[in-house]
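Geometric and topological summary
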Amino acid sequence: MQHGNPDVIVVGGGNAALCAALSAREQGARVLLLERAPHAERGGNSVYTDGKMRFAYAGVDDIRALVPDLTEAEIGNSDFGVYSENDFFDDMARITQHRTDPDLCEILVRNSNAAVRWMKDNGVRFMPNFGRQAYKVDGRFKFWGGAPIVTWGGGVGLIESLYRAAETKGIEVVYGAWVQDLIHRDGTVSGVAARIDGVTRQIAARSVVLACGGFEANTAWRTRYLGKGWDLAKVRGTRYNTGDGLDMSLRIGAQPYGHWSGCHAVGWERYATEFGDLVRTPAFQRHSYTFGIMVNGDGRRFLDEGADLRSFTYAKYGHVVLEQPGQFAWQIYDGKVLHLLLDEYRTKYVTKVKADTLEELVRKLDDVDPVQCLATIREYNRAVKTDVAFDPNVKDGKCTVGLAMPKSNWAQAIDQPPFEAYAITCGVTFTFGGLRINAEAQVMNTNHEPIRGLYAAGEMVGGIFYFNYPGASGLTSGAVFGRLAGASAARSALRLASAA
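The paragraphs below set out a description of the structure included in this document. (Residues numbered from 1 in each chain as written. Predicted model: local features only at pLDDT ≥ 70, side-chain atom pairs only at ≥ 80, totals over all residues. Heavy atoms only, no water.)

1. With respect to the overall build of the protein chain
Put simply, the test is: Runs of E in the DSSP output that reach at least two residues are strands. Runs of H or I that reach at least four are helices, and both are numbered from the N terminus. Atoms counted for the radius of gyration: C-alpha only. Globule rule: 2.2 Å times residue count to the power 0.38. Three labels apply to residues, based on accessible area from a 1.4 Å probe with only protein chains included: buried if under 20% of the type maximum, exposed if over 50%, partly exposed otherwise in between. The contact criterion used throughout is that any non-hydrogen atoms of two residues lie within 4.5 Å. The positive count covers Lys and Arg only, the negative count covers Asp and Glu only, and His and the chain ends enter neither. Charge positions come from single atoms, namely NZ of Lys, CZ of Arg, CG of Asp or CD of Glu.
Of the regular secondary structure elements, the protein chain holds 13 helices and 23 strands. Over its C-alpha atoms the protein chain spans a radius of gyration of 23 Å, differing by no more than 12% from the 23 Å that the globule rule assigns to 500 residues. Projected onto its principal axes, the C-alpha coordinates of the protein chain cover approximately 75 × 50 × 40 Å. Expressed as a percentage of the 500 residues in the protein chain, the buried residues total 61%. Sequence separation of 24 or more characterises 74% of the internal contacts of the protein chain that already satisfy a separation of 6 or more. Across the protein chain, the centroid of the 55 positively charged side chains sits 2 Å from that of the 56 negatively charged ones.

2. Quick look at the pattern of salt bridges
Quick note on the threshold: Throughout this description, the term salt bridge denotes a Lys or Arg side-chain nitrogen within 4 Å of a carboxyl oxygen of Asp or Glu.
Summed over all chains, the structure comprises 29 salt bridges. In this structure, K352 and E420 form a salt bridge, with 3.6 Å as the shortest nitrogen-oxygen distance. Linking K352 in strand β19 (residues 352-355) with E420 in strand β20 (residues 419-431), this pair joins segments that are 68 residues apart in sequence.

3. Examining the side chain of T281
Applied cut-off: By the criterion applied in these results, polar contacts are pairs of N or O atoms within 3.5 Å in which, for protein atoms, one can donate a hydrogen and the other can accept it, and in which residues neighboring in sequence qualify only through two side-chain atoms.
Among the structural elements, T281 can be located in the loop between β16 (263-269) and β17 (293-295). The buried category is assigned to T281, whose relative accessible area is 2%. A polar side-chain atom of T281 sits 2.5 Å from the main-chain amide nitrogen of D277. Residue contacts for T281: discarding those within four places in its chain leaves Y48, R236, W268 and G276.

4. Side note on the packing of helix α6 (residues 112-121) against helix α13 (residues 473-499)
The condition is simple: With axes taken as lines fitted to C-alpha atoms, and helix axes fitted only over the stretch in contact, angles between N-to-C directions fall between 0 and 180 degrees. For classification, angles of less than 35 degrees are called roughly parallel, those exceeding 145 degrees roughly antiparallel, those between 65 and 115 degrees roughly perpendicular, and all remaining angles oblique. In this classification, Asp, Glu, Lys and Arg are treated as charged, Ala, Val, Leu, Ile, Met, Phe, Trp, Tyr, Cys and Pro as nonpolar, and every other residue, Gly included, as polar.
With their axes 9 Å apart at the nearest point, α6 and α13 run at an angle of 85° to one another. By the angle between their directions, the pair α6 and α13 is classed as roughly perpendicular. Facing S112, A114, A115, W118 and M119 of α6, the residues of α13 in contact are T476, A479, V480 and R483. Along the lines of polarity and charge, the residues of the contact of α6 with α13 split into 6 nonpolar, 2 polar and 1 charged.

5. Considerations on the sheet that holds strand β8 (residues 149-151)
The criterion, for reference: In this description, strands pair whenever DSSP reports at least two bridges between them.
Spatial ordering of the open sheet is given by β3-β8-β5, a layout of 3 strands whose pairing is antiparallel. Looking along the sheet, the strands with just one partner apiece sit at the ends: β3 (52-53) and β5 (126-128). Both β5 and β8 contribute to a ladder of 3 bridges, which runs antiparallel. Note that in β8 the partner of F126 across the bridge is T151.

Listed below in structure tokens is the structure:
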């Protein structure tokens, strides 16, 4: 490490941590970033994302500002729509059952556009999210769900861009640096204890930003806080998010906040790796369920696949899959919709069966009651409303009638071969419980006082997401609160330095 103590230490190596480090550096602080993972696995959960970002925008001019090489032909063939701050607020309120902290939610929404532009200024490249957030209908792409852009190269491209910016701006990064404790006295944090190259070192700093993730990779903590069965879930991202930052904060009196029994969890390849794998993980996603049905081992449907746009249901449906017998389900599609399935359905990392008849298909579904499954499909087919047009870009109202478990949109009979089915389980992304922070991203203690010198960002911030999650808002939250935490930590550190 470089000679002399840093002004600000940032703990973590993903999007939120890097945004915090860059923001602190902008204020003139000397910044040290401590990443627990080795260089080859750097990036936290962010590197495993597909790079979508939800933000408030007023129309195509906001998209053009982020994607300057957008062509006139692309603009002419696209309906980017508008996603206002009020739309963002409404989605956050609705999806979290009105529990999202209003002050934190306001910071997130009001700063979302500026944060994405700031990321662009720091070298992050964006492109329109054709195909995943827009389907082509009548020769035109219509964007839906409030997430029209994605980073070039997905999460890998995002992380590479941010590390490149950090290097350019003189931010020191140490890999394999496992921060295990906070140096503190009388309610003030003044550094960290980190194990580096097998040796525990005390590193002093005037401010510390914790941006080292939740506890989703900690089997014991998942079971303790999320409940029975969560030790059986797959982990979608990094194996290093084991709750260490939360643990060391709670030990010095930080206030736990938010939905500690909640998490972001999705339908995931049934036989996926235990933790994220940068080569295979993108292929494990199974998010096209809105165009088919899901059945459990009993051969029965168990949720409304068309309750809302995918962006507003996928992060809670992993919970429901985990509750099924054997913690698995099968997604079933017919020939009419196979062209709509996302690219990952067409990779080699899938548990898939295919058949020309429904009778043959149900016999191929491992661990499923074939008689009941066939009866379920036939009952569903009879219930589909036929006088409403199918439209993949909007909640089309094409529903079932008379079923105990309805399908509210995109309901089409499963009757056109070839038939395909995909086996899924639950994949946990990140946990919702975290620390309480104030409007400066400073961590609060259980006496409702700010802990001097300690700030938090990213998944460590509690109180933003409850029960569910508007798709693509995680990276935005990490950027907004990372930028805020870094600036606040730097200003505090520099004030202390000038007073010394």
